[in-house]
Amino acid sequence: MKGIVLFKNRTTPRDPYAAEFEANGFRPIFVPLLKHTAINEDIILTFLKSHEFINDYKALIITSQRCIETLDTIIKKLQIENFSGLNDILRKPSYTVGPATSCVLKRLGFKDIRGGKKAGNGKILSDIIINDDLFSNSTSRKILFLTGKIRKDIIPRKLQNAHFQLKELVSYRTEPYDDIKIRYQEALNSLDENEENWLVFFSPQGTNVIINHLLREPNPQYNLATIGPTTASFLQNKGVKLDVVSEKPNATMLYRSIAES
């Protein structure tokens, strides 16, 4: 069976990449490169419960699965304590990138999710927010942005230039695993050399060990893909030749791009 090594954490309870590729005759192998540690949960909980957030903030931005996991924990705590403003939180417009994050956010109970599959990256999402009628007649342009400790500045820069008031709360930190080389080699050893196999990159973070290995291989026995232009540019600048760059950062488009290559 064809193997596809996915350099990411497997999303729970259901990973869309595993589902898509298993349905199309691939054996997905997950090799997480990064470990995510939740931080500032009490700070975020306190702010979400505050009069300021409930009454003054128009929306939230949640662009990461890790942020959603923090939100999941917080919402469960609010449900246990029967917080009276929980529905006010869940009704706030919530902007997110990509269909997968959007679907998980919906399962948490958020009612008004914007962006999603229409927003493939932070630049597109920023434009959606800036042009949203939600803010056209509003005196408040306050938005809460839940993010990681390491993040791109595209969304904050564009929104601040458009005179939005953005409050950032960091919900997790990210660090590379110490044993990436070992788990990477184990994944390669599990591939059937007689099949067409793929390695897929999702982010530049944590890839240095793998890149060094790839550059030492003159004739690799697998194809290389990435889900978006940012990671593609990073890898290409390092000298890595890619076979596929997915048109959009989701499982269906990645499979189609690979199938059509």
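Shown above is the structure to which this text applies.
What you are looking at is a predicted structure, and each value in this text was computed from that prediction instead of being measured.

(A) Geometry of the overall build of the protein chain. Counting secondary structure elements, the protein chain contains twelve helices and eleven strands. For the protein chain, the C-alpha radius of gyration of 20 Å lies close to 18 Å, the compact-globule estimate for 261 residues. Referenced to the eigenvectors of the C-alpha coordinate spread, the extents of the protein chain come out at roughly 60 × 40 × 30 Å. The proportion of buried residues among the 261 residues of the protein chain is 48%. In the protein chain, the share of contacts with a sequence separation of at least 24, taken over all contacts with a separation of at least 6, comes to 66%. Carbon and sulfur atoms make up 46% of the accessible area of the protein chain, which amounts to about 13500 Å² in all. Of the charged side chains in the protein chain, 36 are positive and 29 negative; the average position of the first set lies 5 Å away from that of the second.

(B) Up close: unusual backbone geometry. In this model, Asn 82 sits at a positive phi of 55°, which is unusual for a non-glycine residue. The exposed category is assigned to Asn 82, whose relative accessible area is 64%.

(C) Molecular detail of the sheet that holds strand β2 (residues 26–30). Spatially, the five strands line up as an open sheet ordered β2-β1-β9-β10-β11, and their pairing is parallel. The outermost strands of the open sheet, each flanked by one partner alone, are β2 and β11 (244–245).

(D) Looking closely at the pairing of strand β9 (residues 198–201). Here β9 shows no split at all, with Trp 198 and Val 200 on one side and Leu 199 and Phe 201 on the other all buried. For strand β1 (residues 2–7) and β9, the ladder comprises four bridges, and the chain directions are parallel. Bridge assignment links Val 5 to a residue of β9, and that residue is Leu 199. Of the pairings in the sheet, the one linking β9 to strand β10 (residues 223–226) comprises four bridges and is parallel in character. The residue bridging Phe 201 from the neighbouring strand is Thr 226, located in β10. Between β9 and its parallel partner β10, the chain crosses via helix α10 (residues 208–215), and the hand of that crossover is right-handed.

(E) Focus on the layout of surface pockets. For the second largest pocket, the calculated volume is near 190 Å³. If you go around the second largest pocket, the residues you meet are Leu 214, Leu 215, Glu 217, Pro 218, Pro 220, Tyr 222, Asn 223, Leu 224, Gly 239, Val 240, Lys 241 and Asp 243. Put simply, the parts of the chain that give the lining of the second largest pocket at least two residues each are α10 and β10. Tallied by class, residues from the lining of the second largest pocket come to seven nonpolar, two polar and three charged.

(F) Representation of the sheet that holds strand β8 (residues 165–176) in the model. In spatial order, the strands read β3-β8-β7-β4-β5-β6; together these six strands make up an open sheet with mixed pairing. Only two strands of the sheet have a single partner each, and these edge strands are β3 (34–38) and β6 (113–116). The average undirected angle you get between the axes of adjacent strands in this sheet is 20°. Alignment of strand β4 (residues 59–62) against strand β7 (residues 142–148), held across four bridges, turns out to be parallel. Within β7, the residue paired with Ile 62 across the bridge is Leu 146. Running at roughly 155° to β8, helix α2 (residues 41–49) makes contact with β4, β7 and β8 of the sheet. Relative to the sheet, helix α6 (residues 99–107) contacts β4, β5 (94–97) and β6, its axis offset from that of β6 by approximately 160°.

(G) Representation of the packing of helix α9 (residues 180–189) against α10. The interhelical angle for the contact between α9 and α10, taken along N-to-C directions, is 50°, at an axis separation of 9 Å. Of the possible angle classes, the one that applies to α9 and α10 is oblique. When the axes of α9 and α10 are compared, the crossing they make is right-handed. On α10, the residues that touch Ile 180, Lys 181, Tyr 184, Gln 185 and Leu 188 of α9 are Val 209, Ile 210, His 213 and Leu 214. In terms of residue class, the contact of α9 with α10 is built from six nonpolar, two polar and one charged.

Reading the values: rules and limits
Residues numbered from 1 in each chain as written. Predicted model: local features only at pLDDT ≥ 70, side-chain atom pairs only at ≥ 80, totals over all residues. Heavy atoms only, no water. Helix = DSSP H or I, 4+ residues; strand = E, 2+ residues; numbered from the N terminus. Rg over C-alpha atoms; globule rule 2.2 N^0.38 Å. Buried < 20%, exposed > 50% of the residue type's maximum accessible area, 1.4 Å probe, protein only. Contact = heavy atoms within 4.5 Å. Areas by Shrake-Rupley, 256 points an atom, 1.4 Å probe, with all protein chains shown as cover. Lys, Arg positive; Asp, Glu negative; His and termini not counted. Charge placed at Lys NZ, Arg CZ, Asp CG, Glu CD. Pairing = 2+ DSSP bridges. Right-handed = clockwise from strand over helix to strand, strands pointing away. 1 Å grid on protein atoms, 1.4 Å probe; cavity = no way out; pocket = protein on both sides within 12 Å on 5 of 7 lines; lining within 4 Å. Points joined across faces, edges and corners; volume = space filled by probe spheres on them. Nonpolar A, V, L, I, M, F, W, Y, C, P; charged D, E, K, R; others polar. Axes fitted to C-alpha atoms, helices over the stretch in contact; angles between N-to-C directions. Parallel < 35°, antiparallel > 145°, perpendicular 65-115°, else oblique. Left-handed = near helix turned anticlockwise from the far one by under 90°.

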